[in-house]
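# Inside the fold
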Amino acid sequence: MGERVFVREVGLRDGLQLVKRMLPADRKLEWCRSAVEAGVPEIEVTSFVPAKVVPQFADAEEVAKGALALGGNFTAAALVPNSKGAERALALGLPKINYVLSASEEHNLANVRRTTDESIKDFANIVALRNSSAAGRTRLAGGIATAFGCTIQGVVSEKRVVEIAARLAELGADEIIVADTVGYAHPNQVRRIFKAILRAVAPLPVAAHFHDTYGMGLANVREAVRLGVRTVDAATGGLGGCPFAPGAAGNVATEDVVYMLHGLGFETGIDLDGIRAATRFCRDELGVVPTSRVFAAMAKA
Ligand SMILES: [Zn+2]
């Protein structure tokens, strides 16, 4: 059996933030259930942001509770942009919190109305909250958005990205997520940044999060995995985007990533037919056209 790569589903969070059609909590949980049945080991089920910022997540508590009640062998995670969100997630006893800040000052200001340094400081508060939480040991990931460039600011300093990763590790992150929020990355850049971060935060696991704006998504996943990254974010059907990153395309598609990894000899524990069923569900429920090439090819076969 090949080495394991953890492919995490982020469609319920990343994919939904731009979709106009509001998906009711029970339908979100149905999607979640189909991903669990397909064998997805971790799902970012929602985002604890103010409902007025992203109305799609007004039901965050209900969805998180429902996901925890689903059972099955998967980790229910949620994204939080600040300590307020972390308090809500910890109150529910979620096993995993993905905190995210932007390496781009301008993106961070647009997204959470504070500087990147202020967001780094808030991560220290979240670690303290987690450590004193009755919920026990919730795993805490430190995510760096716009790590490869930004639609608002343009270039993002690679040195700064590596510094932020090292700082989050030092403050107590259990994992570092490096995200190409807008889909600007190319494989050489992936090699430089991931190499430096893997070295700076070792032995912490580092996860890769790519969007496919320029069609480089799979090539970037391939490069990250080649460097030793063993956790990759993806969204059913290739959904995704960012409300503060105009023009950004969806995440790499879960079925495309799984197809490639299996071809490379890795094991994911994910059943491709199961993911196709989840993609069909999204297509029908959300009225969006999946961008996954594997989905399209398998439909024709
Ligand atoms: Zn994203």
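Located above this text is the structure these notes cover.
Residues numbered from 1 in each chain as written. Predicted model: local features only at pLDDT ≥ 70, side-chain atom pairs only at ≥ 80, totals over all residues. Heavy atoms only, no water.

Another aspect to go through is the overall build of the chain. When helices and strands are tallied, the chain shows 12 helices and 8 strands. Its C-alpha atoms give the chain principal-axis dimensions of about 50 × 40 × 40 Å. If you take every contact in the chain between residues at least 6 apart in sequence, the share linking residues at least 24 apart comes to 72%. Surface summary for the chain: the accessible area is close to 12,100 Å², and the carbon and sulfur share equals 53%. Separation of charge centres in the chain, based on 34 positive and 33 negative side chains, amounts to 2 Å. (Helix = DSSP H or I, 4+ residues; strand = E, 2+ residues; numbered from the N terminus. Contact = heavy atoms within 4.5 Å. Areas by Shrake-Rupley, 256 points an atom, 1.4 Å probe, with all protein chains shown as cover. Lys, Arg positive; Asp, Glu negative; His and termini not counted. Charge placed at Lys NZ, Arg CZ, Asp CG, Glu CD.)

Of the protein atoms, only Asp 14 (OD), His 209 (NE2) and His 211 (NE2) coordinate the zinc ion, at distances of 1.9 to 2.1 Å. The buried category is assigned to His 211, whose relative accessible area is 2%. (Donors = N, O, S within 2.8 Å, 3.2 Å for Na, K, Ca; no water. Buried < 20%, exposed > 50% of the residue type's maximum accessible area, 1.4 Å probe, protein only.)

What follows covers the pattern of salt bridges. Scanning the entire structure with this criterion turns up 27 salt bridges. The salt bridge involving Lys 96 is made with Glu 42; its shortest N-O contact spans 2.8 Å. Placement of Lys 96 in strand E4 (residues 96-102) and of Glu 42 in strand E2 (residues 42-47) is noted, with a sequence separation of 54 residues between them. The two residues Lys 96 and Glu 42 agree in class, both being buried. Asp 174 is paired through a salt bridge with Arg 137; the nearest N and O atoms lie 2.7 Å apart. Taken together, the residues span a long stretch of sequence, with Asp 174 in the loop between helix H7 (158-171) and strand E6 (175-180) and Arg 137 in the loop between helix H6 (116-132) and strand E5 (139-145) at a distance of 37 residues. Salt bridges linked by common partners bring Arg 8, Glu 42, Lys 96, Arg 139, Glu 175 and Asp 233 together as one network. (Salt bridge = Lys/Arg side-chain N within 4 Å of Asp/Glu carboxyl O.)

What follows covers the sheet that holds strand E3 (residues 75-80). On the basis of which strands lie adjacent, the closed barrel formed by 8 strands has the order E1-E2-E3-E4-E5-E6-E7-E8 and parallel pairing. Neighbour-to-neighbour, the strand axes of this sheet turn through a mean angle of 25°, independent of strand direction. Sheet topology places E6 next to strand E7 (residues 206-210); 5 bridges connect them, and they run parallel. Pairing of Ile 177 across the sheet is with Ala 207, part of E7. Sitting on the sheet, helix H3 (residues 60-69) touches E2 and E3, and the angle it makes with E2 is about 160°. (Pairing = 2+ DSSP bridges. Axes fitted to C-alpha atoms, helices over the stretch in contact; angles between N-to-C directions.)

Moving on to the layout of surface pockets. Estimates place the volume of the second largest pocket at around 280 Å³. Looking at the second largest pocket, it is lined by 19 residues, and the ones nearest its centre are Asp 212, Gly 238, Asn 251, Ala 253 and Thr 291. When the residues that make up the lining of the second largest pocket are grouped by side-chain class, the tally is 7 nonpolar, 9 polar and 3 charged. (1 Å grid on protein atoms, 1.4 Å probe; cavity = no way out; pocket = protein on both sides within 12 Å on 5 of 7 lines; lining within 4 Å. Points joined across faces, edges and corners; volume = space filled by probe spheres on them. Nonpolar A, V, L, I, M, F, W, Y, C, P; charged D, E, K, R; others polar.)

In the structure shown here, the tally under the stated rule is 1 cavity of 30 Å³ or more. Taken as a whole, the largest cavity spans an internal volume of roughly 40 Å³. Surrounding the largest cavity, Arg 8, Val 10, Glu 42, Glu 44, Asn 98, Ile 177 and Asp 233 form its lining. When its residues are assigned to classes, the lining of the largest cavity shows 2 nonpolar, 1 polar and 4 charged.

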